[in-house]
Amino acid sequence: MSDESTTQPDDGSPRSGRTEFVAWGAATHVGHVRQGNEDSYVAEGMVYAVADGMGGHSAGEVASAIAASTLRDRLVGGVPAVNLLEAVVVEANSAIFQAAHGNSAQRGMGTTLTGLVLLDPDDGPMRIGVANVGDSRTYVVRGGRLSRVSLDHSYVQELVSTGHISEQEARHHPRRNIVTRALGIEPSVRVDTWVLPMVKGDRFMMCSDGLIDEIDDDAIAAILNAHDDPGAAAQALVDAANAHGGHDNTTVVVVDVLVGDDPETSGPVPVVDEDVPDRLIDADADSDVVTGVAAPTAVVQVSTMPDVQPRALGESAPRRRGLGMLLFGVALGLIVMLTVVLVL
């Protein structure tokens, strides 16, 4: 296997590699509908990630490439703690935001980002740090069972989380391209992070939404379990997305953990926590710019509402009759005076 990596879409041929700690494979394809591939990925050393650009024309490709290259440059050798991974993602956000405001042709560009880095602290076992912004996903297969590590920052995820629609309905929802968080849209960004134990035999898979829009989690699990080689698994997933329509770019990175804890004593993969969205962003690659979209008040929780202390049972609201009666008297007096003046 080679140790090549990329931060830009290539000709579609899969790539693979191996290190002391992991074996990996990656594949990307433009699909059957889009004119260009706005996805990027990085697979090198201790860092593996997928970025799905948005903004139309060449802007999305630029945004995703900035995100992937920033992670590669800063994290290829690993980091000791997950907060450093978070800081690098924030740095990528700033770089994209500044680039967008320095070039009118790239104004409004942004990208999702999901990925992992191997954490190698000075005092303790190695861990895996995962970061996510947007609706690209990170999964893990342990003992043949597929679990989601990341939680989508998307409009349909909010509908699912609040019980308005099912997971299956979300797959075909007309506004499934709306994301609630992305890199490069604002000068700052909130990054979801997780720290997982490094378990021998775990298989991580990162993908853009071109995969999950075409095939469901059951199909993803079946393909990942059917291919021992990570490169073959990545290519098979991309092929499956194209076979089901290929309506978007599809990028997949598969990472097999070669060393670590015993899977029989590691327990299940932790369930992700649901989060509150920031804003709604149209991530349709056909759009020239990324635009904000108002959210339905029944779905989006507003975090700026002031806290209101509940009253004790039987306690009445504060009385303001004295002030009210005074204002009423003043108004009545003014009306009487005006009437007298008009009559005279």
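Residues numbered from 1 in each chain as written. Predicted model: local features only at pLDDT ≥ 70, side-chain atom pairs only at ≥ 80, totals over all residues. Heavy atoms only, no water.

S.K.: Which residues make up the pattern of salt bridges, and what values go with them?
M.R.: The tally for this structure, following the rule as stated, stands at 10 salt bridges. Between Arg72 and Asp73 there is a salt bridge, with the nearest N and O atoms lying 3.1 Å from each other. Arg72 sits in the partly exposed class, given a relative accessible area of 27%. Put simply, Arg181 and Asp192 hold a salt bridge, and the shortest N to O gap is 3.2 Å. Of this pair, Arg181 sits in the loop between strand E10 (178-179) and strand E11 (192-197) while Asp192 is found in strand E11, placing the two residues 11 residues apart along the sequence. Like Arg181, the residue Asp192 is buried in the burial classification. One connected set of salt bridges, linked through shared partners, spans Arg137, Arg148, Asp152, Glu167 and Asp217. (Salt bridge = Lys/Arg side-chain N within 4 Å of Asp/Glu carboxyl O. Buried < 20%, exposed > 50% of the residue type's maximum accessible area, 1.4 Å probe, protein only. Helix = DSSP H or I, 4+ residues; strand = E, 2+ residues; numbered from the N terminus.)

S.K.: Give a description of the pairing of strand E7 (residues 127-133) that names residues and reports values.
M.R.: Of all 7 residues in E7, 6 are buried, a share of seventy percent or more. Sheet topology places strand E6 (residues 113-119) next to E7; 7 bridges connect them, and they run antiparallel. From the neighbouring strand, Leu113 faces E7, where its bridge partner is Val133. Relative to E11, E7 is paired through 6 bridges, and the arrangement is antiparallel. Bridge assignment links Asn132 to a residue of E11, and that residue is Asp192. (Pairing = 2+ DSSP bridges.)

S.K.: Outline the sheet that holds strand E2 (residues 22-29), listing residues and values.
M.R.: Pairing in this open sheet of 6 strands is antiparallel, and the strands run E1-E2-E13-E12-E8-E9 from one edge to the other. In the strand order of this sheet, the two ends are held by strand E1 (15-18) and strand E9 (145-148), each with one partner. Adjacent strand axes in the sheet meet at a mean angle of 15°, parallel and antiparallel pairs treated alike. Sheet topology places strand E12 (residues 203-207) next to strand E13 (residues 250-257); 5 bridges connect them, and they run antiparallel. For Cys207, the partnering residue across the bridge sits in E13 and is Val252. The strands that helix H7 (residues 230-243) touches are E2, E12 and E13; relative to E2, the one it contacts most, it runs at about 25°. (Axes fitted to C-alpha atoms, helices over the stretch in contact; angles between N-to-C directions. Contact = heavy atoms within 4.5 Å.)

S.K.: Hey, could you go over the nonpolar core for me, with residue numbers and the actual values?
M.R.: In this structure, Leu71, Leu75, Val89, Leu113 and Leu183 are the most contacted members of the largest nonpolar core, which totals 28 residues. When residues of this core are traced back to their parent elements, those giving at least two are strand E4 (47-54), helix H1 (59-75), helix H2 (82-102), E6 and E7. With near-sequence residues (within four places) excluded, Leu113 lies in contact with Ala49, Val50, Ala51, Ala67, Leu71, Val89, Ala131, Asn132, Val133 and Leu183. The next biggest cluster of nonpolar side chains, apart from the first, holds 25 residues, and it includes Tyr48, Val140, Val253 and Val257. (Core = buried A, V, L, I, M, F, W, Y, C linked by side-chain atoms within 4.5 Å.)

S.K.: How would you sum up H7? Please name residues and give values.
M.R.: Given a rise of 1.5 Å per residue, 14 residues ought to cover 20 Å, and the 20 Å separating the end C-alpha atoms of H7 matches this to within 8%. Along H7, 11 of the 14 residues are buried, which leaves the element largely enclosed by surrounding structure. Among the residues of H7, Pro230, Gly231, Ala233, Ala234, Gln235, Ala236, Leu237, Val238, Ala240, Ala241 and Asn242 are the ones counted as buried. Of the surrounding elements, those touching the buried residues of H7 are E2, E12, helix H5 (209-212), helix H6 (217-226) and E13. At the N-terminal end of H7, a side-chain oxygen is found 3.0 Å from the backbone nitrogen of Gly231, two or three residues along, and the residue is Asp229. Residue Gly245 follows H7 closely and has a positive phi angle near 135°. (Expected span 1.5 Å × (residues − 1). Polar contact = N/O pair within 3.5 Å; in protein donor to acceptor, adjacent residues only side chain to side chain.)

S.K.: Outline the pairing of E2, listing residues and values.
M.R.: In terms of burial, E2 is largely enclosed, as 7 of its 8 residues are buried. Bridge count for E1 against E2 is 4 bridges, and the pairing is antiparallel. Bridge assignment links Arg18 to a residue of E2, and that residue is Ala23. Linking E1 back to E2 in an antiparallel pair, the connection comprises 3 residues.

S.K.: Explain the confidence of the model for the protein to me, using residue names and the numbers behind them.
M.R.: Close inspection of predicted coordinates is inappropriate for parts of the model with low pLDDT. For the protein, the mean per-residue pLDDT works out to 82, and 74% of the residues sit at or above 70. For the stretch residues 339-344, pLDDT sits under 50, and the model shows 0 contacts to residues farther than four places along the chain or on other chains. (pLDDT = per-residue confidence, 0-100.)

S.K.: Any details on H2? Residues and values, ideally.
M.R.: The end-to-end C-alpha separation of H2 is 31 Å, in line with the 30 Å expected for 21 residues at 1.5 Å each. Of all the residues in H2, the buried ones are Val82, Leu85, Val88, Val89, Ala92, Asn93, Ile96, Phe97 and Ala100.

S.K.: Describe the packing of H6 against H7, with residues and values.
M.R.: Between H6 and H7, the least distance of the axes is 9 Å, while the angle of their chain directions is 145°. Relative to H7, the crossing made by H6 is right-handed. Contact residues: Ile220, Ile223 and Leu224 in H6; Ala233, Ala236, Leu237 and Ala240 in H7. Its residues placed into classes, the contact of H6 with H7 shows 7 nonpolar, no polar and no charged. (Left-handed = near helix turned anticlockwise from the far one by under 90°. Nonpolar A, V, L, I, M, F, W, Y, C, P; charged D, E, K, R; others polar.)

S.K.: Tell me about the packing of H1 against H2, and name the residues and values.
M.R.: The N-to-C vectors of H1 and H2 enclose an angle of 145°; their axes lie 9 Å apart at closest approach. Of the two elements, H1 crosses H2, and the hand of that crossing is right-handed. Along its contact with H1, which presents Ala63, Ile66, Ala67, Thr70, Leu71, Arg74 and Leu75, the element H2 presents Leu85, Val88, Val89, Glu91, Ala92, Ala95, Ile96 and Ala99.

S.K.: So what about the environment of Pro14? Which residues, and what values?
M.R.: With respect to the secondary-structure elements, Pro14 resides in the segment before E1. Those residues within four positions of Pro14 in sequence are excluded, and the remaining contacts are Ala26, Ala27, Gly231 and Gln235.

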